[in-house]
Amino acid sequence: MSQARTESTILSNGVKMPWLGLGVWKVKDDGEAERSVASAIEAGYRSIDTAAAYNNETGVGAGIRNSGIARDDIFVTTKIWNAHQGYESTLTAFEDSRRKLDLDVVDLLLIHWPVKDKYTETWRALEKLYRDGFVRAIGVSNFQIHHLRDVISTGEFVPMVNQVEYHPLLTQTELHTFAKSSNIQLMAWSPLMQGNLDQSVLAEIGAKYGKSPAQVVLRWDLQNEVVTIPKSVNPVRQQENADIFDFTLTDEEVALISGLNRNQRFGPDPDNFNF
């Protein structure tokens, strides 16, 4: 296992977070989640990203517990779902997630979506959990700049992470710049564009390095200083997704990939969602 797979960014509060993690969206909690987490950890992954809304926290916890790797060596992220937002309900929802994961402390807790009129109170609850030591870091997901400004202006802490849809067709340059200036670590969900990788630029660059288009995109994430969490339940694909630390894109290649941007979302718009 390449030690590079455990390379970490350092969040604003000094906590180390691996650049590469496993996403488990849509992974079923019928044994599949446990197996996927176990195979990813065996392949060298040390970060797992789940959420209450994924309904697989129990399986994720089992996979971590049975991996044979010390708990302190694995970074676990989960999220507060929209229906549970608000101060007291967030505290209750977190306890439910913690019980399912069977963890005393969660490494990173995120607000899943910026639910109107609720996310600032939800953030206040995350701050309490952070102060009380139940989470090592707190952040948000799918927040635009104006959402971030809201929690920054009303809260005690600046979010340490913002997990957003991010890939070559949606580079979110302005949001990324704002995050960097605010010392917020950007994290990419759906980094592989839900399989829409049929771009000649990716194929041509991949051919140069003997890498797949997926590996090229994940490497582009890292060189843009964005944490990435590709999802796969296939051990071979998990291994492939992790083999991105033995080559480096040139500045020109990074720019070519960024030039694919169309502001195209495969997921919901954070300013227009109803769930």
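What comes next is a walk through the structure.

Reading the values: rules and limits
- Residues numbered from 1 in each chain as written.
- Predicted model: local features only at pLDDT ≥ 70, side-chain atom pairs only at ≥ 80, totals over all residues.
- Heavy atoms only, no water.
- Helix = DSSP H or I, 4+ residues; strand = E, 2+ residues; numbered from the N terminus.
- Buried < 20%, exposed > 50% of the residue type's maximum accessible area, 1.4 Å probe, protein only.
- Areas by Shrake-Rupley, 256 points an atom, 1.4 Å probe, with all protein chains shown as cover.
- Lys, Arg positive; Asp, Glu negative; His and termini not counted.
- Charge placed at Lys NZ, Arg CZ, Asp CG, Glu CD.
- Salt bridge = Lys/Arg side-chain N within 4 Å of Asp/Glu carboxyl O.
- Axes fitted to C-alpha atoms, helices over the stretch in contact; angles between N-to-C directions.
- Left-handed = near helix turned anticlockwise from the far one by under 90°.
- Contact = heavy atoms within 4.5 Å.
- Nonpolar A, V, L, I, M, F, W, Y, C, P; charged D, E, K, R; others polar.
- Pairing = 2+ DSSP bridges.
- Phe/Tyr/Trp six-rings, centres within 6.5 Å; stacked < 30°, edge-to-face > 60°.
- Parallel < 35°, antiparallel > 145°, perpendicular 65-115°, else oblique.
- Right-handed = clockwise from strand over helix to strand, strands pointing away.

**Things to note about the overall build of the chain**
Within the chain, the secondary structure is distributed over 10 helices and 10 strands. Along the first, second and third principal axes, the C-alpha atoms of the chain reach 55 × 40 × 35 Å. Per-residue burial over the chain gives 56% buried out of 275 residues. For the chain, the computed accessible surface area is about 11,800 Å², with 46% contributed by carbon and sulfur atoms. For the chain, the separation between the mean place of its 27 positive charges and that of its 36 negative charges on side chains is 2 Å.

**Examining the pattern of salt bridges**
Enumeration over the complete set of coordinates arrives at 13 salt bridges. A salt bridge links arginine 65 to aspartate 102, with the shortest nitrogen-to-oxygen separation between them at 3.4 Å. With arginine 65 in helix 2 (residues 57-65) and aspartate 102 in the loop between helix 3 (87-101) and strand 6 (106-111), this pair connects stretches of sequence that are 37 residues apart. Its relative accessible area of 46% is what places arginine 65 among the partly exposed residues. A relative accessible area of 48% means that aspartate 102 is categorised as partly exposed.

**Examining unusual backbone geometry**
Within the chain, lysine 26 stands out as a residue other than glycine whose phi angle is a positive 70°. Along the chain, the position of lysine 26 falls in the loop between strand 3 (22-23) and helix 1 (32-42). Positive phi is not limited to glycine here, since asparagine 55 has a value of about 55°. Within the secondary structure layout, asparagine 55 lies in the loop between strand 4 (47-49) and helix 2. Note on asparagine 55: relative accessible area 56%, which makes it exposed.

**What to know about the packing of helix 1 against helix 2**
The contact between helix 1 and helix 2 brings their axes to 7 Å, and the two run at 35°. Seen from above, helix 1 lies across helix 2 with right-handed handedness. When helix 1 is examined against helix 2, the residues Ala33, Glu34, Val37, Ala38 and Ile41 are found in contact with a partner set consisting of Gly59, Val60, Ala62, Gly63 and Ile64. Split by residue class, the contact of helix 1 with helix 2 holds seven nonpolar, two polar and one charged.

**Quick look at the sheet that holds strand 4**
In space, the eight strands of this open sheet follow the order 3-4-5-6-7-8-9-10, with parallel pairing throughout. Each edge of the open sheet is held by one strand with a lone partner, namely strand 3 and strand 10 (227-228). As defined by bridge partners, strand 6 adjoins strand 7 (residues 135-141) across five bridges and the pair is classed as parallel. Looking across to strand 7, one finds that valine 106 is bridged to valine 135.

**Side note on helix 1**
For helix 1, every residue scored as buried is listed here: Ala33, Ser36, Val37, Ser39, Ala40 and Ile41. Contact partners of the buried residues in helix 1: strand 3, strand 4, helix 2 and helix 9 (235-242). At the exit of helix 1 stands glycine 44, carrying a positive phi of roughly 110°.

**Details of the packing of aromatic side chains**
The tally for this structure, following the rule as stated, stands at eight aromatic pairs. Relative to phenylalanine 273, the ring of tryptophan 113 lies with its centre 5.1 Å away and its plane at 45°, an arrangement referred to as tilted. Of the two residues, tryptophan 113 sits in the loop between strand 6 and helix 4 (119-131) while phenylalanine 273 sits in the segment after helix 10 (251-258), which places them 160 residues apart along the sequence. Side by side, tryptophan 113 and phenylalanine 273 carry an identical accessibility label, which is buried.

**Here we look at the environment of glutamate 240**
By the element assignment, glutamate 240 lies in helix 9. Distance from glutamate 240 to glutamate 225, taken between C-alpha atoms, is 20 Å for residues 15 residues apart in sequence. If near-sequence neighbours (up to four positions away) are discounted, glutamate 240 is found in contact with Ser212 and Gln215.

**Focus: the packing of helix 8 (residues 213-223) against helix 10**
In the contact formed by helix 8 and helix 10, the axes pass within 11 Å of each other and the chain directions differ by 110°. Classified by the angle their axes make, helix 8 and helix 10 are roughly perpendicular. In this structure, helix 8 uses Val216, Trp220 and Gln223 to contact helix 10, whose residues at the interface are Val254, Ile257 and Ser258.

**Quick notes on the pairing of strand 7**
Taken across its seven residues, strand 7 has six buried, putting it largely inside the fold. As judged from the two bridges shared by strand 7 and strand 8 (residues 161-165), these two strands associate in the parallel manner. From the neighbouring strand, serine 141 faces strand 8, where its bridge partner is glutamine 163. Once you follow strand 7 into helix 5 (residues 145-154) and on to strand 8, the crossover reads as right-handed.

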